[in-house]
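Descriptive structure summary
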Amino acid sequence: MSASKALLQGQEFDAVLMQSAVEAQLSESVDAALRVAGRLFESLGGAVAIVTIGGLTRYESEDARVAGALNAVNLKVTEPTLVAYEGSAGEAAGGHGRHRAVVVPLLTRSGRWGTLVVSQEELEDAHLPALGLFGMQLSLAIELREGLDHLDRRTAELNLVHELAVAGPRADSTQLCRHALATVCSTSDSEVGALHRYDPETGEYALVGDVYGYDGPLKEFYRRFKLSPHNPISSTPVALPSLSLPAGGSALLEEGLQHFAIVPLSIEGKAVGMLSLARRKDVAYPKSALRSAEIIGVQMASLLERARLYDEANRLYRDLKVSYDELGRTQQELVRHERLAALGELAAVMAHEVRNPLGVIFNSLTTLKRLLRPTGDAEMLLNMVGEEADRLNRIVGDLLDFVRPYELVKKHIAVEPIIAGAVDAATQSSLSGNVRVVKEFPRELPPFPLDAHLLKQALVNLIVNAAQAMPRGGTVTVRTTVETETGSPWLTILVRDEGVGLSERATAKMFQPFFTTKATGTGLGLAVVKRIVDAHLGEVSARSNEDGKGTTFVVRFPPTNETRSGALTPPRPSAAARG
């Protein structure tokens, strides 16, 4: 079995995809991100092509399978698709024969960006979910990089507007105009730029300073020129080839200037000048480049446009920040789900492998006590063995409770009976006689959309936790109210104890699995509470009491039937993923 095939069939495949996705998101350009994706699949023995929605191939492996795959697949699929196709005799790595290719759409918020095509014989349907997730993260990397590039251009434009706005009467106008032309040429991907001032007395456009990027014989020809008032170039920004210019088009083409963008400048409807940009390469100006040049030109004549650019830069920054935050939350959620999945597998093994010997220990202890009737140290030692075995059994049970897959079913239920049942269950099963539980309902509570069974389990865990915080006894108060937030009623449940209180470290980690400050605790009770509350789209927190004695846990539930998917049930790895 080849190394690439072994990797595709092993559990490392998802990790390799995630690592490459993170590397793509940290790339300095779109092309760099695409190279990360291409080289990843090439290292797995695949042939790769990445094609934009406009048909431009941005990345292509030096492998004959690419052409066969592109001819065989549909580049407009809306979800990851596995396609089998017949190879040609000219293809490398096998020539004739059946090949497989995966087609992954690359979608951004603005629409379809392009398509990722991977030709790899070992790909299977089981790989499609992971490849689809990789495609989403690669799309996000592309979107972020393009957004950053766009933001860089906008930032350069904004800096230029600032310099023009604060320039005083002693500023070197020639140097300032040259800097402005250098900036606009950079942001519009132009090689040549010129700024002309309109002279209303003569009706001529006169060159300001010098031409940027060109020092040929035509500079003097265009140092001053006239345009008919009816010529659309004098009133509307246009992008056109050199031969379409009203004068000297063929001469410009001979100088290697193939495409132009002409932007008239005006203030309050009055012509003040013209901004001209040129490209030596045979690539027409897109509307976006023309618009960028128009913005710069108008900014030269209007301070209002500076404010518009500033607002647009802020909007782009906010959008990018939201994208980064969303990426961080997604990555954290993926890590959390992977850990829960691994924990679920471990719990299932522990339940089988640990509880069987525990059963033997319990039976043996019972038999020994009946046969030997021990006293003194022997009785003490046997009791210690029984207590520790029972503790180990509780640890396994708590672990199973934490990872057990639940199905959250919300119904509008009366809250008071659920709380009363939770108090009774906690009192009967776990609380010592020196702990008293008090229920408080300041007013009648309306029905709330909750899962009765899971709410009861969360409250039992909180009450037991409160009782364990009071080794010398005390009162646990369960107070339930309805609070209004943004016009909606929220159910609020407070569980207050009179125990030892919270340390700063405990406050930060109390809801993390396996964190506990108790000598015999498993650290899973509060983690289960948080999972249940999160699934209800609720909130749970803890604070020290005002009098400095004990802690109050605050649980809040919104009045909605919605749930948070995946908060209760950790994802289970498929058989293919387990290898």
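Residues numbered from 1 in each chain as written. Predicted model: local features only at pLDDT ≥ 70, side-chain atom pairs only at ≥ 80, totals over all residues. Heavy atoms only, no water.

**Points about the packing of helix 2 (residues 12-25) against helix 3 (residues 30-43)**
Two numbers describe how helix 2 lies on helix 3: the axes approach to 8 Å, and their chain directions differ by 160°. Here helix 3 runs roughly antiparallel to helix 2, going by the angle between their axes. Note on packing geometry: the crossing formed by helix 2 with helix 3 is right-handed. From helix 2, Val16, Leu17, Ser20, Glu23 and Ala24 reach across to helix 3, where they touch Ala33, Val36, Leu40 and Phe41. Class assignment of the residues belonging to the contact of helix 2 with helix 3 gives a composition of seven nonpolar, one polar and one charged. (Axes fitted to C-alpha atoms, helices over the stretch in contact; angles between N-to-C directions. Helix = DSSP H or I, 4+ residues; strand = E, 2+ residues; numbered from the N terminus. Parallel < 35°, antiparallel > 145°, perpendicular 65-115°, else oblique. Left-handed = near helix turned anticlockwise from the far one by under 90°. Contact = heavy atoms within 4.5 Å. Nonpolar A, V, L, I, M, F, W, Y, C, P; charged D, E, K, R; others polar.)

**So, the sheet that holds strand 11 (residues 270-279)**
If you trace the six strands from one edge of the open sheet to the other, you get 8-7-6-11-10-9, paired in antiparallel fashion. Bordering the open sheet on either side are strand 8 (224-226) and strand 9 (238-241), each of which pairs with just one other strand. If you compare each strand with its neighbour and ignore which way they point, the axes differ by 25° on average. In the sheet, strand 6 (residues 192-199) pairs with strand 7 (residues 204-207) via four bridges, with the strands oriented antiparallel. Bridging from a neighbouring strand, Arg197 pairs with Ala206 of strand 7. (Pairing = 2+ DSSP bridges.)

**Some words on the environment of Ser110**
As for its position among the elements, Ser110 is in the loop between strand 4 (97-108) and strand 5 (111-119). Look at Ser110 and you get exposed, because its relative accessible area is 74%. Distance from Ser110 to Glu143, taken between C-alpha atoms, is 9.0 Å for residues 33 residues apart in sequence. Reaching out from Ser110, the side chain makes a polar contact with the side chain of Thr108 at a distance of 3.0 Å. (Buried < 20%, exposed > 50% of the residue type's maximum accessible area, 1.4 Å probe, protein only. Polar contact = N/O pair within 3.5 Å; in protein donor to acceptor, adjacent residues only side chain to side chain.)

**Concerning the packing of helix 13 (residues 452-468) against helix 15 (residues 525-535)**
One can describe the packing of helix 13 onto helix 15 by two numbers: an axis separation of 9 Å at closest approach and a directional angle of 145°. Crossing angle aside, the handedness with which helix 13 passes helix 15 is left-handed. Where helix 13 abuts helix 15, its residues Leu454, Gln457, Ala458, Asn461, Leu462 and Asn465 lie against Gly525, Leu526, Val528, Val529 and Ile532. Grouping the constituent residues of the contact of helix 13 with helix 15 by class yields seven nonpolar, four polar and no charged.

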